[in-house]
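Structural characterization, general
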Amino acid sequence: MGVASYLVAATPPRLAVGGITIAIPVLAVEQGVGVAVGGLLASAALGPSIVAAPIAGAMLDRSRRPGALVAGAGLVIAAAYAFAAFLGPMPAWAIAIALVAAGTVTPFVFGGLSSFVTEGIPDERRAYAIDALAYNLGAVAGPAAVAAASALGSARIATIAMAASALAGAIATVLLRLHPAAASPHDRPSFLGTIAAGFRHITTHRPLAIITWSGTLSQFGSGGLAIAAVALSVSRTGDAGEGAVIVTSFAIGGLVGALWNSRRPPRRSPEWVMGWGFAATGLCTVVAAFDLGPAWAIAAVGASGLFTAPSAAAMLLIRKQQSPPALRSQVFTVGAGLRAAAAAAGAAVAGLAAGVGAEALIVAIGVVWIASGAMLLAYPKHAPAIDGS
């Protein structure tokens, strides 16, 4: 497994998941079932991941063929998205069941696949920089592909395109030939014992606990950005559409940062990179609240995105270094599930708090990012790696 083969396997399913949350609501509107139903269906595609994350991680940690599990998850996602494309002719409840199935296996292609990236890319810093790049490529290309497909045809075509992307990733995953965890089957506890051991390690091993809660808190702020951006645009220009431009600038900044980070990963300690990266993202977000012209918020939020990929890559590296091989996948899937849940919660809270004022909301989101970075001050100095490498 090299850089190219990993990106070919990891990017398409993440692109599909990133795009489906936009394609489904648009399809719901096109089919006359309403944006509210579309929003609920989009939530069905993501919500189950937090519950399924520890189970998926434990399955990967215990499996002799983890690659088959990841590829199988991609096939389930592809089939569910293809079925979802027939919203309208098919009732919404049937589509919801399919999307829940997709959400249940999503942890395999997010945190699960991330836990294997160092198998074929020996430089750990570069390996997780590449993994962060795959996430950012998916986050930018998914919505862009949906927008293009919708403009050229319909949201139904866009949804089918997301299914095809997930299928491509499943096929490419087979070629990675992922290896099982190092532990012998005779040395492993029961399945429930594996899950319990993973939770115990995540919550009681101080270095891992700190970066897990810091990463989760950062996503709480990130989840509210889209709501805050729309509110800011409405308050300043009366045009809600400019909010999409602000959010896009954040995504583009993240992609630029990921590309740079994949070429030149920082050599400072990962906890330093993670902490200061989160703090820098927060500071730039706070600066966006100042009304210094139409382009100011776009530029400031775009700058804030530059620091997200290096800090995310550093977080992934610490996850790996502070996890025993027998629990690594579970640590990754639970961490990814917590971040997804926090992003959803952040969006909900931002929506409820929109009445406090757009500038105050932007500042609050920036402060959350800064607080998540400040949590790394509690990271134990010179904490030794326990991953056996």
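None of the values given here were measured: they were computed from a predicted structure. (Residues numbered from 1 in each chain as written. Predicted model: local features only at pLDDT ≥ 70, side-chain atom pairs only at ≥ 80, totals over all residues. Heavy atoms only, no water.)

Here the domain parsing of the protein yields domain 1 (3-176) and domain 2 (198-378). The straight-line distance from the C-alpha centre of domain 1 to that of domain 2 is 21 Å. Residue-level contacts link 28 residues of domain 1 with 36 residues of domain 2. Between domain 1 and domain 2 lies a buried interface of about 2500 Å² when both sides are counted; carbon and sulfur atoms form 65% of it. The three residues of domain 1 that bury the most area against domain 2 are Asp61, Arg125 and Tyr128, which together make up 27% of that side's buried surface. The interface formed by domain 1 and domain 2 holds two salt bridges in total. In this structure, Asp123 engages Arg267 in a salt bridge whose closest nitrogen and oxygen atoms are separated by 3.4 Å. Elements with a minimum of two residues in the side of domain 1 that touches domain 2: α3 (49-62), α5 (92-114) and α6 (124-152). (Domains from an automatic or database assignment. Contact = heavy atoms within 4.5 Å. Buried area = accessible area lost by both parts, 1.4 Å probe. Salt bridge = Lys/Arg side-chain N within 4 Å of Asp/Glu carboxyl O. Helix = DSSP H or I, 4+ residues; strand = E, 2+ residues; numbered from the N terminus.)

Scanning the model with the defined rule gives three salt bridges in all. The partner of Lys320 in a salt bridge is Glu124, and the shortest N-O contact between them spans 2.3 Å. With Lys320 in helix α14 (residues 308-321) and Glu124 in helix α6, this pair connects stretches of sequence that are 196 residues apart. Relative accessible area serves as the criterion here: at 17%, Glu124 is assigned to the buried category. (Buried < 20%, exposed > 50% of the residue type's maximum accessible area, 1.4 Å probe, protein only.)

On to the packing of aromatic side chains, then. Going through the model one piece at a time under the given rule, you end up with four aromatic pairs. Consider the rings of Tyr128 and Phe332, whose centres lie 6.0 Å apart with planes at 20 degrees: the pair is stacked. Of this pair, Tyr128 sits in helix α6 while Phe332 sits in helix α15 (residues 328-352), and the two are 204 residues apart along the sequence. By relative accessible area, Phe332 is classed as buried at 0%. Relative to Trp276, the ring of Trp272 has its centre 6.1 Å away and its plane inclined at 40 degrees; by these criteria the two rings are tilted. One end of the pair, Trp272, and the other, Trp276, are both in helix α12 (residues 270-287), four residues apart, so they sit about a helical turn from each other. Residue Trp272 is classed as partly exposed on the basis of its relative accessible area, which comes to 35%. Its relative accessible area of 54% is what places Trp276 among the exposed residues. Across the ring face of Tyr135, the terminal group of Arg14 is positioned such that the distance to the ring centre comes to 3.7 Å. (Phe/Tyr/Trp six-rings, centres within 6.5 Å; stacked < 30°, edge-to-face > 60°. Lys NZ or Arg CZ within 6 Å of the ring centre and 35° of its normal.)

The next point concerns empty space enclosed by the protein. Rolled over the atoms, a probe with the dimensions of a water molecule shows which regions are left empty. Applying the stated rule across the entire model yields one cavity of 30 Å³ or more. Its volume calculated, the largest cavity comes out at about 90 Å³. Lining the largest cavity are 13 residues; nearest its centre among them are Arg125, Pro266, Pro310, Ala313 and Ala314. Of the residues that constitute the lining of the largest cavity, the class distribution is ten nonpolar, one polar and two charged. Taken together, domain 1 (3-176) and domain 2 (198-378) each give at least three residues to the lining of the largest cavity, which thus spans both. (1 Å grid on protein atoms, 1.4 Å probe; cavity = no way out; pocket = protein on both sides within 12 Å on 5 of 7 lines; lining within 4 Å. Points joined across faces, edges and corners; volume = space filled by probe spheres on them. Nonpolar A, V, L, I, M, F, W, Y, C, P; charged D, E, K, R; others polar.)

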